[in-house]
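Given next are the chains, with one letter for each unit.
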Amino acid sequence: MHLSELSIVNFKNIQDANFELSEKVNCFLGNNGAGKTTVLDAIYYLSFCKSFFNPIDSQNIRHDEGYFVLDGKFFLDGESERIFCGLKRNEKKKFKRNQKQYDRLADHIGVIPLVMIAPSDTALIREGSDMRRKFMDGIISQYNKAYLDTLLHYNRLLAQRNAMLKHQWAEGKYDTTSLEVFDEQLHAHGTELHLERKRFLEGYLPIFSNFYQLISGGAEEVNIVYQSQLSEAPLLNLLTEHRKRDYRAQYTTQGIHKDDLEFTIGEYPMKKFGSQGQKKSFVTSLRLAQFDYLKELKQRKPILLLDDIFDKLDDNRVAALMKLVSEDHFGQIFITDANLHRVPDLFKDENVPLKKFVVEKGSIDQL
Amino acid sequence: MELPSKLLEKTVSYFESLPGVGRRTALRYTLQLLKMQKEDALNFGASVIKLVEELGFCSICHNVSDGDICQICAHPKRDTETICVVEDLRDLLAIESTSQYYGVYHVLGGVISPLDGIGPKDLHFESLVSRLAEGTCKEVIFALPSTMEGDTTSFYMFKRLKDFNIKTTSLARGVAVGNELQYTDELTLGRSIQGRLPYDNAMRTF
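Model, not experiment: these values are computed from the prediction.

Time to look at the overall build of chain A. In terms of helices and strands, chain A carries 11 helices and 15 strands. Considered along the principal axes of its C-alpha atoms, chain A spans approximately 70 × 50 × 35 Å. With 367 residues in all, chain A has 53% of them scored as buried. For chain A, the proportion of contacts with a sequence separation of at least 24, taken over those separated by at least 6, is 71%. Approximately 17200 Å² of chain A is accessible, and the part contributed by carbon and sulfur atoms is 47%. The centroid of the 50 positive side-chain charges in chain A is displaced by 4 Å from the centroid of its 52 negative side-chain charges.

Residues and elements named next belong to chain A. Structurally, chain A comprises domain 1 (1–113 + 300–367) and domain 2 (122–298). Of note, the centres of domain 1 and domain 2, computed from C-alpha atoms alone, are 32 Å apart. Counting from both sides, the interface comprises 16 residues of domain 1 and, opposite them, 19 residues of domain 2. Taking both sides of the interface into account, the surface hidden between domain 1 and domain 2 amounts to around 1700 Å²; carbon and sulfur atoms contribute 70%.

Per-residue pLDDT for chain B averages 90, and the proportion of residues at 70 or more is 97%. Here the predicted complex carries an ipTM of 0.71, next to a pTM of 0.80.

The next point concerns the packing of aromatic side chains. All names here are of chain A. Enumeration over the complete set of coordinates arrives at 28 aromatic pairs over all chains. Their ring planes at 75 degrees and their centres at 5.5 Å tell us that Tyr45 and Phe68 sit as a pair that is edge-to-face. Pair noted here: Tyr45 is in helix α1 (residues 36–48) and Phe68 is in strand β4 (residues 67–76), with a separation of 23 residues, a long-range link. A relative accessible area of 0% places Phe68 in the buried class.

Let us now look at the sheet that holds β4 of chain A. Residues and elements named next belong to chain A. Reading across from one edge, β2-β1-β4-β5-β6-β7 is the order of the 6 strands in this open sheet, with antiparallel pairing throughout. Sheet topology places β2 (14–20) and β7 (100–101) at the edges, where each strand pairs with a single neighbour. Taken together, the 6 bridges between strand β1 (residues 2–11) and β2 define a ladder with antiparallel strand orientation. The residue bridging Ile8 from the neighbouring strand is Ala17, located in β2. Its contacts with the sheet place α1 against β1, β2, β4, β5 (79–88) and β6 (94–97), and it is angled at close to 110 degrees to β1.

For the rest of this paragraph, the subject is the interface of chain A and chain B. The parts lose accessible area when they come together, and the size of an interface is often stated as this lost area. Contacts between chain A and chain B engage 18 residues on the former and 18 residues on the latter. Buried surface at the junction of chain A and chain B, summed over both partners, amounts to about 1700 Å²; 67% is from carbon and sulfur atoms. Interface area lost by chain A to chain B is led by Arg156, Gln160 and Val181 of chain A, which between them contribute 28%. The interface formed by chain A and chain B includes 3 salt bridges. Of the charged contacts in the structure, one is a salt bridge between Glu184 of chain A and Lys159 of chain B, with a shortest N-O distance of 2.6 Å. Linking chain A to chain B there are 7 residue pairs in polar contact (both at pLDDT 80 or more). Taken together, the elements giving at least two residues each to the side of chain A that touches chain B come down to α4 (145–171) and α5 (176–216) of chain A. A per-element tally of the side of chain A that touches chain B places α4 of chain A first, with 10 residues. Of the residues belonging to the side of chain A that touches chain B, the class tally is 6 nonpolar, 6 polar and 6 charged.

Another aspect to go through is helix α2 (residues 23–35) of chain B. Residue and element names in this part refer to chain B. If you check α2, its first and last C-alpha atoms are 18 Å apart, about what 13 residues at 1.5 Å a residue would give, namely 18 Å. Those residues of α2 that fall on the buried side of the exposure criterion are Ala26, Leu27, Thr30 and Leu33. Angularly, the buried residues of α2 cover 120 degrees about the axis, an arc narrow enough to put them on a single face. In α2, those exposed residues whose orientation departs by more than 90 degrees from the buried face are Arg24, Arg28 and Lys35. Here the buried face of α2 lies against α1 (6–16) and α3 (38–54).

Here is what the cut-offs are and how they apply
- Every residue gets a number counted from 1 within its own chain, in the order that chain's sequence is written.
- Chains and ligands are labelled sequentially in the order written, the chains with letters from A and the ligands with numbers from 1.
- Side-chain atom pairs in this predicted model are given and counted only at pLDDT of 80 or more, local residue features only at pLDDT of at least 70, and totals for whole chains, interfaces and linings cover all residues.
- Derived side-chain values reflect all non-hydrogen atoms in the structure, with water molecules and hydrogen atoms excluded from consideration.
- Counting from the N terminus, the helices are the DSSP runs of H or I reaching at least four residues and the strands are the DSSP runs of E reaching at least two.
- Burial here depends on accessible area, computed with a 1.4 Å probe over protein chains only, as a share of the maximum for the residue type. Under 20% is buried, over 50% is exposed, and the range in between is partly exposed.
- By the convention used here, residues are in contact when the closest approach between their heavy atoms is within 4.5 Å.
- Residue burial considers only the protein chains on display, and all accessible areas are found by Shrake-Rupley using a 1.4 Å probe.
- Here the positive residues are Lys and Arg and the negative ones are Asp and Glu; neither His nor the chain ends is included.
- By convention, the point assigned to a charge is CZ for Arg, NZ for Lys, CD for Glu and CG for Asp.
- As used throughout, domain bounds are those supplied by an automatic or database domain assignment.
- What counts as buried area is the accessible surface, traced by a 1.4 Å probe, that two parts surrender upon association, with contributions from both included.
- Per-residue confidence from the predictor is reported as pLDDT, a score between 0 and 100.
- Pairing of aromatic rings covers Phe, Tyr and the six-membered ring of Trp, with a centre-to-centre limit of 6.5 Å; geometry is then stacked below 30 degrees between planes, edge-to-face above 60, and tilted otherwise.
- Strands pair, by our definition, only if DSSP identifies at least two bridges between them.
- Here the axes come from fitting lines to C-alpha atoms, over the contacting stretch only for helices, and the angles between their N-to-C directions go from 0 to 180 degrees.
- By salt bridge we mean one thing: a side-chain nitrogen of Lys or Arg within 4 Å of a carboxyl oxygen of Asp or Glu.
- Definition of a polar contact: a pair of N or O atoms within 3.5 Å, with one able to donate and the other able to accept a hydrogen when the atoms are protein atoms, and with sequence-neighbouring residues admitted only if both atoms are side-chain atoms.
- Each residue receives one of three labels: charged for Asp, Glu, Lys and Arg, nonpolar for Ala, Val, Leu, Ile, Met, Phe, Trp, Tyr, Cys and Pro, and polar for the others, Gly being one of them.
- Each helix should span, by expectation, one fewer than its residue count multiplied by 1.5 Å.
- Directions are taken from the helix axis to each C-beta atom, and the arc is the one they span.

Here you go:
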């Protein structure tokens, strides 16, 4: 699967661009603010029906213009497919596949599988546990529909139980029977989710570690540990034990909503002891492993977008990563870089189809 | 939309407070009232007053009733050994219109949803418990919506009624009658497989 032609009109800072792409490596080179990342965002948009950066569609229209248009010609299993998105200010966006408009945007998501690796990914290490749960849930629910349903159900039960705790506290009446009703349901759903998360990590970890070793050249050991209260005891026991405490705290202190993924380097937490480059290598490997899951699921190679990937990595890691993604395991790749020579030099000796584009003030020219 | 009369404004805003009615529709209803024969409009108003003042609820099952006991509870042919628990009047009417049920009802008046401020105490549970304590009932059917709140409520009742040694049943869930399997959503079909039934004579009649 690959994108062969892309046309961008009035999208963010690109006024009008139309170019043909290589089915393997494409690099967009230029200074800060030139519009390199905008090109990647346009491709992201055609896959996910929204911008990676800005969810407010009207702000993705170029200043002082009335509309934007993105038009991509893809090849899927040898067939050509045109994906079109047009948005006029103050109107609903039109999303079309081969001239036919989608009724529901959700129907399009998954048609063009895509993984984006962006500088903001390091938030997965830096931020709270909910980011990591979301990351894990996002991958699992792509291949397991029942998982997402169970998760939504669990979250709703949790909200109801918390509301009941608040209610009981306000009235000063501790009532176990009505809490038990929620506890037993939370137990059933929570246990299912816990097992599925455990199963997921068992399959994901070796793929992830392999990518990390390839990028780092085996320089350090990294690990992901699934932390869950449910590993200690069945959820029902935990909820029963902590019921009185939950009542005083007015929220549910036990359950899979407290799960976390602990990222370690050596034996120590990545968050505190990893260098910038190690963190970048770590999240890049997380995404590449996600790529493998998506590839397996869709039975085609997702498009890979690498935004500003060279920012924090040393030369060895950059070279290792480029060698890795140019292998046949990966499909079409898009890379942005502010340095005009680095990427072309890296691929100089490899026999890889490569196209270079210079991006300047929102206009794009092939070198 | 500013209205030129305070009287008009007041009526319009009352219509607007009804579910599914927006401001334009509310205005349309109000103007229609003014267009009516004066007598009809007054009868309309009087019936609302009478409804609110006089309509009562059955002291046994909490169904709406003109007297102390509703028509269903008072009916001599109804089987009082089976009680069907429903959320509200609409669900009761839906089950009545199937003509497949000859037992009596118990109207809870809602389902447990702490997020909406509704706990077990805000529903007609205690009267159900005291009905069962009388000892004539042999089976309770939970006919609550197939939502998380409905399930929670059924589960709560199940726990509360455990000690009564009464049969508790729940409505069957699965493929709708007359539906093609391929068009049934994954969740329903999955549940139908899990909750499959032994095939016997009863199934053939569907």
